[in-house]
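# Structural description and commentary
Chain by chain, the residues:
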Amino acid sequence: MPPSRQRNANTESVDNYLKAILALSGPEEQRVSSTSLADRLGVAPASVTNMLQKLASSLLPLVEYERHRGVLLSAAGKRRALEVLRHHRLIETFLYEVLDYPLEEVHEEAERLEHFISERFEERIAVKLGHPKFDPHGHCIPAMDGKMPKQISVPLTDLREQGTFVVDSVSDQDALLLRRLRAHGITPGARLQVASRPPDDFVLRTSGVSKALHLSRDLAAAVRIRSAH
Ligand SMILES: [Zn+2]
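Residues numbered from 1 in each chain as written. Predicted model: local features only at pLDDT ≥ 70, side-chain atom pairs only at ≥ 80, totals over all residues. Heavy atoms only, no water.

Along the backbone of the protein there are eight helices and eight strands. For 229 residues, the compact-globule estimate of 2.2 N^0.38 gives 17 Å, and the protein sits close to it at 19 Å. Across its three principal directions, the C-alpha atoms of the protein cover 60 × 45 × 30 Å. Here the protein, with 229 residues, has 40% of them falling under the buried criterion. (Helix = DSSP H or I, 4+ residues; strand = E, 2+ residues; numbered from the N terminus. Rg over C-alpha atoms; globule rule 2.2 N^0.38 Å. Buried < 20%, exposed > 50% of the residue type's maximum accessible area, 1.4 Å probe, protein only.)

On to the coordination of the zinc ion. The expected angle between donors at a tetrahedral four-coordinate metal is 109.5 degrees. At an octahedral six-coordinate metal it is 90 or 180 degrees. For the zinc ion, every protein donor is listed as His88 (NE2), Glu92 (OE), His107 (ND1) and Asp172 (OD), and the spread of their distances is 1.9 to 2.1 Å. What the four donor atoms of the zinc ion show is an angle range of 88 to 135° at the metal, which sorts the shape as tetrahedral. Going along the chain, you hit the donors of the zinc ion in the pattern H-x3-E-x14-H-x64-D. Of this pair, His88 sits in helix H4 (residues 75-97) while His107 sits in helix H5 (residues 106-113), and the two are 19 residues apart along the sequence. This pair shows no difference in class: His88 is buried, exactly as His107 is. (Donors = N, O, S within 2.8 Å, 3.2 Å for Na, K, Ca; no water. Tetrahedral: all angles 85-135°; square planar, octahedral: opposite > 155°, others 65-115°.)

Okay, the packing of H4 against helix H6 (residues 119-128) next. Orientation of H4 relative to H6, taken along the N-to-C sense of each, is 45°, at an axis distance of 10 Å. With respect to H6, the element H4 is oriented oblique. In the crossing of H4 with H6, the sense of the turn from one axis to the other is left-handed. Residue-level contacts link Glu83, Arg86, His87, Leu90, Ile91 and Phe94 of H4 to Glu119, Glu122, Ile125 and Ala126 of H6. (Axes fitted to C-alpha atoms, helices over the stretch in contact; angles between N-to-C directions. Parallel < 35°, antiparallel > 145°, perpendicular 65-115°, else oblique. Left-handed = near helix turned anticlockwise from the far one by under 90°. Contact = heavy atoms within 4.5 Å.)

Glancing now at the confidence of the model for the protein. In the predicted model, the protein carries a mean pLDDT of 89, and the fraction of residues at 70 or more is 95%. Across the protein, element-level confidence peaks in H4 with a mean pLDDT of 96 and bottoms out in helix H1 (residues 3-25) with 79. Here residues 1-6 is a poorly scored stretch, pLDDT under 50, and it has one contact once near neighbours within four places are set aside; other chains count. (pLDDT = per-residue confidence, 0-100.)

Our focus in this paragraph is the packing of helix H2 (residues 34-41) against helix H3 (residues 45-57). Their axes nearest at 9 Å, the elements H2 and H3 cross at an angle of 110°. As judged from the angle between their axes, H2 and H3 are roughly perpendicular. In the packing of H2 onto H3, the handedness of the crossing is right-handed. Contacts between H2 and H3 involve Ser34, Leu37 and Ala38 on the former and, on the latter, Pro45, Val48 and Leu52. Looking at the contact of H2 with H3, its residues break down into five nonpolar, one polar and no charged. (Nonpolar A, V, L, I, M, F, W, Y, C, P; charged D, E, K, R; others polar.)

So, on to the domain arrangement of the protein. What the domain assignment lists for the protein is domain 1 (3-73) and domain 2 (154-227). With centres defined by C-alpha atoms, the gap from domain 1 to domain 2 works out at 32 Å. (Domains from an automatic or database assignment.)

A word on the sheet that holds strand E7 (residues 213-215). If you trace the six strands from one edge of the open sheet to the other, you get E3-E8-E4-E5-E6-E7, paired in antiparallel fashion. Of all strands in the sheet, those bounded by a partner on one side alone are strand E3 (154-155) and E7. Relative to strand E5 (residues 191-196), strand E4 (residues 163-170) is paired through four bridges, and the arrangement is antiparallel. Each bridged residue has a counterpart across the sheet, and for Thr164 the counterpart in E5 is Gln193. (Pairing = 2+ DSSP bridges.)

As structure tokens, this is what we get:
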């Protein structure tokens, strides 16, 4: 592999680790176990340990890692993770709004492009789109300085009571689920009337549709909701 290609492959892989740690550590920035990281990235636990040791011992460490306590992003690691996330979500928004990609196809394309766009390209997309705050899945786009407001929402599967809610966001991880949700009218901003929840099915109605919808646990797990008020 020519040196430049090699460097790209490394950058891409490092970026993916940083992004996965950011996602798994959540708003409370908890330590992430290498097992859950291996699961999310679909790689062997031994390779995860290797990579984390490398990232923790570089000149500018991107993570803080202790074998039995898991891993945290360092300030530099968090900055890079948020930058890649900003790229990812801006690209998704651009593909969706300007190039008319279907919602379920933007994630995969953004996964490829996010590592390689220049700062100039990023800025041009942001300007063209009017500095959007949310991507088409309903996720916050980090600002240029890395600031990202906390989203107040809960997974539909955590719902404790019936009522009317608004879809806050849908997961971008599974294109098939996303297509099925979209077919049911469950997209960010849609209103949901939830009539029952497990141990039964999730039974709900979307606005303007009179027929009740039975949602499997899989589908429900991909949806985050917030109060309608
Ligand atoms: Zn995505």
